[in-house]
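Here is how the chains run, residue by residue.
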Amino acid sequence: MANFGSPAHTAAMGNAAGMLVLAGAGVGLANAIGDGLTAAARARYERRYDDALSAATNHADNMEGLARLAMTMLAELEGENSRLRAACAQRQQALNALRGRRS
């Protein structure tokens, strides 16, 4: 073989194992960086999801309070409506009585 005795070939063969280790370490480092970026993206997604869920829950709580207040106000208005109907009926009876006296 023509390579035997060549200083460059001998150096390359001597460094081959070291280069394989470095290449493996490079691939491992690239995988670790990719995994780290994926984990960071997942953490950001989960944080945004939790924030959106909290906002939706707070909004639902606010809407429940508003609905309760609306029901209370509606009950008050129904009571006032009943009183006004009774007052109008009483007034109509008084008007009818006054008309009856004139006739």
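One can find the structure itself at the top, above this paragraph.
It should be emphasised that the depicted structure is a prediction, and the values quoted were computed from it without experimental measurement.

Novice: Which parts of the structure should I look at to understand the overall build of the protein?
Specialist: Helix and strand content of the protein: one helix and zero strands. Its C-alpha atoms give the protein a radius of gyration of 44 Å, clearly above 13 Å, the size a compact globule of 103 residues would have. Structurally, the protein occupies a C-alpha span of about 145 × 20 × 10 Å along its principal axes. Total accessible area on the protein stands at roughly 9000 Å², and carbon and sulfur atoms take up 63% of it. Put simply, the protein has 11 plus and 9 minus side-chain charges, and the middle of one group is 20 Å from the middle of the other.

Novice: Can you help me understand the packing of aromatic side chains in this one?
Specialist: Given two aromatic rings, one states the distance between the centres and the angle between the planes to describe the pair. Scanning the entire structure with this criterion turns up one aromatic pair. Plain terms: the ring middles of Tyr45 and Tyr49 are 6.5 Å apart, the flat faces sit at 25 degrees to each other, and that makes the pair stacked. Of this pair, Tyr45 and Tyr49 are both found in helix α1 (residues 7-102), four residues apart, which corresponds to roughly one turn of the helix. For Tyr45, a relative accessible area of 44% puts it in the partly exposed group. The class for Tyr49 is partly exposed, based on a relative accessible area of 48%.

Thresholds applied
Residues numbered from 1 in each chain as written. Predicted model: local features only at pLDDT ≥ 70, side-chain atom pairs only at ≥ 80, totals over all residues. Heavy atoms only, no water. Helix = DSSP H or I, 4+ residues; strand = E, 2+ residues; numbered from the N terminus. Rg over C-alpha atoms; globule rule 2.2 N^0.38 Å. Areas by Shrake-Rupley, 256 points an atom, 1.4 Å probe, with all protein chains shown as cover. Lys, Arg positive; Asp, Glu negative; His and termini not counted. Charge placed at Lys NZ, Arg CZ, Asp CG, Glu CD. Phe/Tyr/Trp six-rings, centres within 6.5 Å; stacked < 30°, edge-to-face > 60°. Buried < 20%, exposed > 50% of the residue type's maximum accessible area, 1.4 Å probe, protein only.

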